[in-house]
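Per-entry structural report
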Amino acid sequence: MIKRTKLFIFLGLVLLLAACSGEASSEKSETGVRTIEVAVPPTSKPLSWEENGKLVGYEPDILRLVDEKLADYEFNLVGVADSAAEIGLDTGKYDIIAQGLFKSAEREEKYLLPSENNGASLMKIYTNNKDIKEMKDLVGKKIVPTTPTGGVFNFLMAWNEENPEHEIEFQTSDAGLSYADRLKEVDSGKYDALILPSNLGQSKIIENENLNIHVTDPVKVFPTYFLIYKTEENKKFAEEVGNALKELKEEGKLSELSIKYYDEDVFIHE
């Protein structure tokens, strides 16, 4: 009878653990500090990358500063590919994902977004022609093909829809060329221009490769946000993250990190 009772207790514990496995991964320690699982890209320099076994870059640095301001939480940063991070956020495996993400109506419905952005993606034109200064100057020009999905593709589609009198012809490609190779194609004259967000390390590439590339002022500014798993418990957490980001902006810390990693203060364009 004792053995049977022990067996029932054991099975009960197994079922309880199985039931809990589908819930959000964050836990509270005995001290009341809640562990927050954070997914960041491991290969997206300068946004976020892994170096000597540590996740470094613009967004990891911001997350650590936010963590310092939130005494009731402890962030655990994990390197995760973009698509896997989004799936993990949907299931509650991660509490936050950070990928330089734009706000959208769909994301606002599906996730929690802090009240403050953590940065900005500045869409710019990289060209071998100094006469190209804005989007309408690209009419009739050869544009480096963009990937068939993502921010640049959506931006160009929106531009053409909103500006039919200045429609820009462009091709798509999933060849996976590096940013350095795309910039070199502009430098060589194969293409007239490349459109990209400026936070992908282009300034270092242009400098290191000694490319003759003219960079325009931003033609569009997209604020970027952390996405947070949507639960009642996380509503308060998202509010605290927003407050922490606001303080970091006021202290000038976010501008300092922007200059450090992107060679420019993206916040002056807000």
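Bear in mind that the values here come from a model prediction, so they are computed numbers and not experimental data.

**Observations regarding the environment of leucine 47**
Relative to the helices and strands, leucine 47 resides in the loop between strand E3 (43-44) and strand E4 (48-51). A residue is classified by how much of its surface remains accessible, and leucine 47, at 10% relative accessible area, is buried. Sequence separation between leucine 47 and glycine 57 is 10 residues; the distance between their C-alpha atoms is 5.3 Å. Ignoring anything within four residues of it in the chain, the contact list for leucine 47 reads Gly57, Tyr58, Glu59, Pro60, Gln99, Gly100 and Tyr262.

**So, the confidence of the model for the chain**
Predicted coordinates in regions of low pLDDT should not be interpreted in detail. Mean pLDDT over the chain stands at 89; residues scoring 70 or higher make up 89%. Ranking the elements of the chain by mean pLDDT puts helix H1 (residues 2-20) last, at 44, and helix H2 (residues 58-69) first, at 98. Here residues 1-24 is a poorly scored stretch, pLDDT under 50, and it has five contacts once near neighbours within four places are set aside; other chains count.

**Brief notes about the pattern of salt bridges**
Per the stated rule, a full pass over the model turns up 14 salt bridges. Residues aspartate 61 and lysine 260 are paired through a salt bridge, measuring 3.8 Å at the closest nitrogen-oxygen approach. Residue aspartate 61 is located in helix H2, and its partner lysine 260 is located in helix H9 (residues 253-262); the two are separated by 199 residues in the primary sequence. Since its relative accessible area comes to 17%, aspartate 61 is described here as buried. Here lysine 184 and glutamate 209 are joined by a salt bridge, their closest N and O atoms 3.7 Å apart. With lysine 184 in helix H6 (residues 179-187) and glutamate 209 in helix H7 (residues 202-209), this pair connects stretches of sequence that are 25 residues apart. When its relative accessible area of 34% is taken as the criterion, lysine 184 is described as partly exposed.

**So, the nonpolar core**
Grouped together as the largest cluster of nonpolar side chains are 35 residues, with contacts concentrated most on Val66, Phe75 and Phe237. Of all hydrophobic cores here, the second largest spans 29 residues; its members include Val152, Phe155, Phe170 and Ile206.

**Quick word on the packing of H2 against H9**
Relative to each other, H2 and H9 sit at 160°, their axes nearing to 10 Å. The orientation of H2 with respect to H9, classified from their angle, is roughly antiparallel. Pair H2 / H9 crosses with right-handed handedness. Mapping the contact onto sequence places Tyr58, Asp61, Ile62 and Leu65 in H2 and Lys253, Leu254, Leu257, Ser258, Lys260, Tyr261 and Tyr262 in H9. Grouping the amino acids of the contact of H2 with H9 by side-chain chemistry returns seven nonpolar, one polar and three charged.

**A closer look at the sheet that holds E4**
The three strands are arranged E3-E4-E5 in an open sheet whose pairing can be described as antiparallel. In this open sheet, the two edge strands, each paired with only one partner strand, are E3 and strand E5 (54-56). Strand direction decides the pairing type here: E4 and E5, joined by three bridges, are antiparallel. Within E5, the residue paired with glutamate 51 across the bridge is lysine 54.

**Digging into helix H3 (residues 82-91)**
Restricting attention to buried positions, one finds in H3 the residues Ala85, Gly88 and Leu89. Buried residues of H3 fall within an arc of 100° about the axis and therefore sit on the same side. Exposed side of H3, more than 90 degrees from the buried face: Ser83 and Ile87 are the residues found there. Glycine 92 occupies a position one or two residues after H3 and carries a positive phi of about 90°.

**What to know about the packing of H2 against helix H8 (residues 232-250)**
Any two packed helices are characterised by how steeply their axes cross, that is the angle between the axes, and by the distance between the axes. Two elements in contact, H2 and H8, have axes separated by 9 Å at closest approach and are oriented at 110°. In terms of axis orientation, H2 runs roughly perpendicular to H8. Taken together, the residues of H8 that come into contact with H2 (itself represented by Ile62, Leu65, Val66 and Lys69) are Val241, Ala244, Leu245, Glu247 and Leu248. Counted by class, the contact of H2 with H8 contains seven nonpolar, no polar and two charged residues.

Conventions and cut-offs
- Residues numbered from 1 in each chain as written.
- Predicted model: local features only at pLDDT ≥ 70, side-chain atom pairs only at ≥ 80, totals over all residues.
- Heavy atoms only, no water.
- Helix = DSSP H or I, 4+ residues; strand = E, 2+ residues; numbered from the N terminus.
- Buried < 20%, exposed > 50% of the residue type's maximum accessible area, 1.4 Å probe, protein only.
- Contact = heavy atoms within 4.5 Å.
- pLDDT = per-residue confidence, 0-100.
- Salt bridge = Lys/Arg side-chain N within 4 Å of Asp/Glu carboxyl O.
- Core = buried A, V, L, I, M, F, W, Y, C linked by side-chain atoms within 4.5 Å.
- Axes fitted to C-alpha atoms, helices over the stretch in contact; angles between N-to-C directions.
- Parallel < 35°, antiparallel > 145°, perpendicular 65-115°, else oblique.
- Left-handed = near helix turned anticlockwise from the far one by under 90°.
- Nonpolar A, V, L, I, M, F, W, Y, C, P; charged D, E, K, R; others polar.
- Pairing = 2+ DSSP bridges.
- Arc of directions from axis to C-beta.

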